Each structure stands twice: as structure tokens, then as C-alpha cells.
Amino acid sequence: MKEFSFIPLGGANSIGESCSLFEVGNARILVDVGLGFQERPFPNNLISRIDKTLNGLGNLDLVLITHAHRDHLGSILKLMANGYKGYIYSSKITRQLAKYVFDDIISDDLPNREIADLYAHYASYMYQQWHSFDLGDRLDIKDITIWPFNAGHIAGSFGYVIEYDSSSIVITGDASLYPNLSSGIMNFPNVENCELLICDGTAVNKMGTDFLSDEAVVDAVEISLDKGEKVIFPCFALGKDVETLLRLEREIIRRKKSFDIFASKSTFEIASVIGLGRNLSKMKCKVAELKEITSPGIFVGRVPKQFCTPKSTYYDYLDILPSKKSPISHYFSIGTHLNSAQIELLVDFTKPKRTVFVHTPERDINNSKLRSPNLSIAKELRRYGRGDYSW
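If you're wondering where the values come from, they're calculated on a predicted model, not measured in any experiment. (Residues numbered from 1 in each chain as written. Predicted model: local features only at pLDDT ≥ 70, side-chain atom pairs only at ≥ 80, totals over all residues. Heavy atoms only, no water.)

### Some words on empty space enclosed by the protein
Argument step 1. Following the criterion strictly, the structure yields two cavities of 30 Å³ or more and no others.
Argument step 2. Its boundaries defined by the atoms lining it, the largest cavity holds a volume of some 170 Å³.
Argument step 3. In this structure, the second largest cavity spans a volume of roughly 90 Å³.
Argument step 4. Partitioned by chemical class, the residues of the lining of the second largest cavity number six nonpolar, five polar and two charged. (1 Å grid on protein atoms, 1.4 Å probe; cavity = no way out; pocket = protein on both sides within 12 Å on 5 of 7 lines; lining within 4 Å. Points joined across faces, edges and corners; volume = space filled by probe spheres on them. Nonpolar A, V, L, I, M, F, W, Y, C, P; charged D, E, K, R; others polar.)

Put into C-alpha cells, the structure is as follows:
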């Protein structure tokens, strides 16, 4: 492969504000434009880094989005507001789920109505510029070709392969090999001459799993209900509410039992978007009128009275969770990131000349136990991680 450039502009040495720039051939591609977890409503520093690195947003050819979580797409509106007029590509499901993220930002995170109306205008333009492609599609732009593969992180999550000059770059995005019911597992891309693997390193220092089984989780739920307690499954990321309901459904069928299950209206809508609406109908799941639209949690048993009053976001409910009247919390073990053994399988399959971990604090890489002979970690390419880009 001829010379190419990879510049992580955010989310390399941390989780949040994911954003990477690729200059391959004559094309400049941005993969993800995320929002930092502490940055509400929008960061200025990420957009500034993008603008200065490109010497103007007009020099950007394309934006690729891996999946519909805030830390990967939350700053697209800011990018559009600052003058980006090009196209955005993702899976169809990611484009549809993005509406829930941006509706949430516009309605709850902006300082006043005037600014909210302005960003609603940018959102309208953004959706006009946002296109989707499917597995098996190939996108030719200038002298490169891009194609997606299933990443298995949440429903609709994609990784991408960039092909140029008989070589390839593989970008996993957030990826998972766990058999989640709502997203499937990651499909390893079949590539030749992999120059660079940009790999999800969130769980790079975890060797395996010590997950509690779904059966054990629902056993605990039944014990809580037998005691007259209410149960909540907290879901802090979009899509995990639907996965939780699917796990409950499987156990309900196996046990031939029925619980009163409540979820937010958006959970039903999201399940419909990803093609799983029938599952919720079979469970006779009911709507709890909660305002937060990015996964407020799943209730089993009667909805606690204090949760029926309007709140701004899910986080406003946290002040009552520790109280004696709070519902009992239970969690399904939902694996959404590659562990070290799975990373080695990916590395052995793709055989990259260099691997760069993103979404990964430095200490996690230093504590990892990776042994693959095909693994060559290019740590120097992470120097532009969030917080230490020099301007």
C-alpha cells in the first residue's frame, strides 16, 4: 500500500468522544464523531481538532458511523453546524436509531429553546445527507473502496474495511463475539494484505468471562418477586433494554411463567426498528411512561410509584435508587466488547502488519496478556488520543 495516514482525534486513550481520521489515497474519511461522556451539550475541542487537522471541513470526503451510541455519533450535529456538507454512511438500523440519540440531545441537553430549534434544523439537514448501506455493499469514493461487516456490538453496528492499492485497513468499531440475541456476533472480515487493524480494546486486559448465567439472573428475580420486591434492570446504553427483554423472553418461555414487565415507549419503538417488535408483543410487555428515550431500564413487577412522575433523564432517577423504597437491581451479563482471547483470534485471522487499540486506556494495554505472534502493537499511533493533541 502506498502511504496512508491514521490520526485518532478522540477516544484512543479513553472511552468517549471516539473519532478517527484516515487519509488513504486521495480520500479523507472520518470514522465516528463521538461525544465525551462529561460533555453536554457539545464539545468544541473535537470539532476544532477535526477542522484544523483537515485545514477546513470542506476537505473531508466522507463520515462513517459504526453504531448508534453517543460516544460514537453524538457530535455529528456539531460537525454539520460548523459547515460539513458531505455525506454520512452507516447501517440502516444505525441511521434509524440515531434519531433517539439526537432527539434526546435536542430536547434535554441544549441550554435554551432557540438553540434547540437551530440544532433541530441542522438535524433535518443531517438526515438528508445520511445514507445507509447493507452488508455486501461496496462504496467507491475517489481511489478507495469501503465495505462494512457486522461488528456485533449492538443492533446495526458495523466495522469497516478500507481497500486501496491491493491492501486494506480494518476498523472494528466497538465489537463483540458474544452471542447477543439482538445484534448477533462479529463477522471477521476476509481481507488480504492488512496494513493496519484499528481494534476495539475496551476489554483488552480481560482473558475470558465470569458472567452469571441468564438462568441464575432470573432465579434471583423470582426470589425478589416472591419477597414482594420490585425489580429493575438498569440499561445505560441504547439497545441494552431490548437485549434484556429478549433474555427475559427466553427464560419466560423456558420456565412457562409470566411476569408483569414494563418498558419505556422507546424500547418498543427500538425493538420494532431492529425487527424484534413481535418478541415484545408475545411477552405482553407494557409501556411505562418514562421520558428518557435512551434506555431507562426494564421493570419487572408493578412500576414503583416514584418512577411514574416525569423526570428529565434516566440519571435523575438515580437519587431514589439507593432509598429503601427503591426496586432491586438485577443485570444480565451482556458482553459487548472483544476480550483478549477474541482479539487474538481476530489478529490471527486478519494478520495485520500493525494493530492499534482505541477506546482503550493506556493501563489496560500495559496489563494485557496478548500472545499472538501476529500481533504488533503500534502504540505510537495513539499519541493523538483525547486530551493530549497539541495545538
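### Looking at helix α5 (residues 113–129)
Argument step 1. For α5, built from 17 residues, the straight-helix expectation of 24 Å at 1.5 Å per residue is met to within 8% by its first-to-last C-alpha distance of 25 Å.
Argument step 2. Among all positions in α5, only Ala116, Tyr119, Tyr122, Ala123, Met126, Tyr127 and Gln129 are buried. Down the axis of α5, the buried set is contained in an arc of 140°. They therefore lie on one face. Turned more than 90 degrees away from the buried face of α5, the exposed residues are Arg113, Glu114, His121 and Gln128. (Helix = DSSP H or I, 4+ residues; strand = E, 2+ residues; numbered from the N terminus. Expected span 1.5 Å × (residues − 1). Buried < 20%, exposed > 50% of the residue type's maximum accessible area, 1.4 Å probe, protein only. Arc of directions from axis to C-beta.)

### Comments concerning the packing of aromatic side chains
Argument step 1. Scanning the entire structure with this criterion turns up eight aromatic pairs.
Argument step 2. Centre to centre, the rings of Tyr119 and Tyr122 are 5.5 Å apart; their planes meet at 70°, and the pair counts as edge-to-face. Of this pair, Tyr119 and Tyr122 both sit in helix α5, three residues apart, roughly one helical turn.
Argument step 3. Aromatic rings pair up to connect Tyr89, Phe133, Phe158 and Tyr160 into one cluster.
Argument step 4. Looking at Lys99, its charged tip hangs above the ring of Tyr100, at a distance of 5.7 Å from the centre. (Phe/Tyr/Trp six-rings, centres within 6.5 Å; stacked < 30°, edge-to-face > 60°. Lys NZ or Arg CZ within 6 Å of the ring centre and 35° of its normal.)

### Notes on the pattern of salt bridges
Argument step 1. Per the stated rule, a full pass over the model turns up 15 salt bridges.
Argument step 2. With a closest N to O distance of 3.0 Å, Arg247 and Asp214 form a salt bridge. Of this pair, Arg247 sits in helix α7 (residues 240–255) while Asp214 sits in helix α6 (residues 214–226), and the two are 33 residues apart along the sequence. A single burial state applies to Arg247 and to Asp214, both of which are buried.
Argument step 3. Asp214 is the salt-bridge partner of Arg250, the closest N and O atoms lying 2.7 Å from each other. (Salt bridge = Lys/Arg side-chain N within 4 Å of Asp/Glu carboxyl O.)

### Things to note about the sheet that holds strand β2 (residues 19–24)
Argument step 1. Spatially, β1-β2-β3-β4-β5-β6 is the arrangement adopted by the six strands of the open sheet, whose pairing is mixed. Looking along the sheet, the strands with just one partner apiece sit at the ends: β1 (4–10) and β6 (130–132). The mean inter-strand angle of the sheet, taken between neighbouring strand axes irrespective of direction, is 25°.
Argument step 2. Direction of pairing for strand β5 (residues 87–90) relative to β6: parallel, over a ladder of three bridges. Paired with Ser90 across the bridge in β6 is Ser132.
Argument step 3. Running at roughly 160° to β1, helix α1 (residues 45–54) makes contact with β1, β2 and β3 (27–31) of the sheet.
Argument step 4. In the packing of helix α4 (residues 92–109) onto the sheet, the strands contacted are β5 and β6, and the crossing angle to β6 comes to about 140°. (Pairing = 2+ DSSP bridges. Axes fitted to C-alpha atoms, helices over the stretch in contact; angles between N-to-C directions. Contact = heavy atoms within 4.5 Å.)

### A closer look at the layout of surface pockets
Argument step 1. Roughly 170 Å³ of internal volume is contained in the second largest pocket.
Argument step 2. Lining the second largest pocket are 11 residues, with Pro179, Asn180, Phe211, Arg247 and Ser333 sitting closest to its centre.
Argument step 3. Split into classes, the residues belonging to the lining of the second largest pocket amount to four nonpolar, four polar and three charged.

### Notes on the nonpolar core
Argument step 1. Counting 46 residues, the largest nonpolar core has Leu30, Ile50, Ile76, Leu79, Phe102 and Trp130 as its most contacted members.
Argument step 2. Mapped by element, the contributors of at least two residues to this core are β1, β2, α1, α3 (76–81), α4, α5, α7 and α8 (265–273).
Argument step 3. Per-element tally for this core: the top contributor is α4, with seven residues.
Argument step 4. Excluding anything up to four places from it in sequence, Leu79 contacts Leu30, Val33, Ile47, Ile50, Leu57, Leu60, Val63 and Tyr84.
Argument step 5. Formed by 27 residues, the second largest nonpolar core is a distinct cluster that contains Ala12, Tyr164, Ile169 and Ile198. (Core = buried A, V, L, I, M, F, W, Y, C linked by side-chain atoms within 4.5 Å.)

### Focus on the environment of Pro234
Argument step 1. Relative to the elements of secondary structure, Pro234 occurs in the loop between β12 (231–233) and α7.
Argument step 2. Taking the C-alpha atoms as reference points, Pro234 and Phe332, separated by 98 residues in sequence, lie 9.8 Å from one another.

### What about unusual backbone geometry?
With the exception of glycine, the majority of residues adopt a negative phi angle, and the majority of peptide bonds are in the trans configuration.
Argument step 1. Notably, Ser166 is not glycine yet its phi reads approximately 65°, a positive angle.
Argument step 2. Overall, the relative accessible area of 66% leaves Ser166 in the exposed class.
Argument step 3. Positive phi, close to 50°, is recorded for Asn193, a residue that is not glycine.
Argument step 4. Topologically, Asn193 is positioned in the loop between β10 (167–171) and β11 (194–200).

### Here we look at the packing of α4 against α5
Argument step 1. Between α4 and α5, whose axes approach to 10 Å, the crossing angle comes to 170°. Considering their axes alone, α4 and α5 lie roughly antiparallel with respect to each other. Contacts between α4 and α5 involve Arg95, Ala98, Lys99, Phe102 and Ile106 from the former and Ala116, Tyr119, Ala120, Ala123, Met126 and Tyr127 from the latter. (Parallel < 35°, antiparallel > 145°, perpendicular 65-115°, else oblique.)

### Quick look at the sheet that holds β10
Argument step 1. The six strands are arranged β7-β8-β9-β10-β11-β17 in an open sheet whose pairing can be described as mixed. Every interior strand has two partners, whereas the edge strands, β7 (139–141) and β17 (354–358), have only one. Between one strand and the next, the sheet's axes are offset by a mean angle of 20°, whatever the strand orientation.
Argument step 2. Note that β7 and strand β8 (residues 144–150) share three bridges and pair antiparallel. Directly across from Ile141, in β8, lies its bridge partner Ile144.

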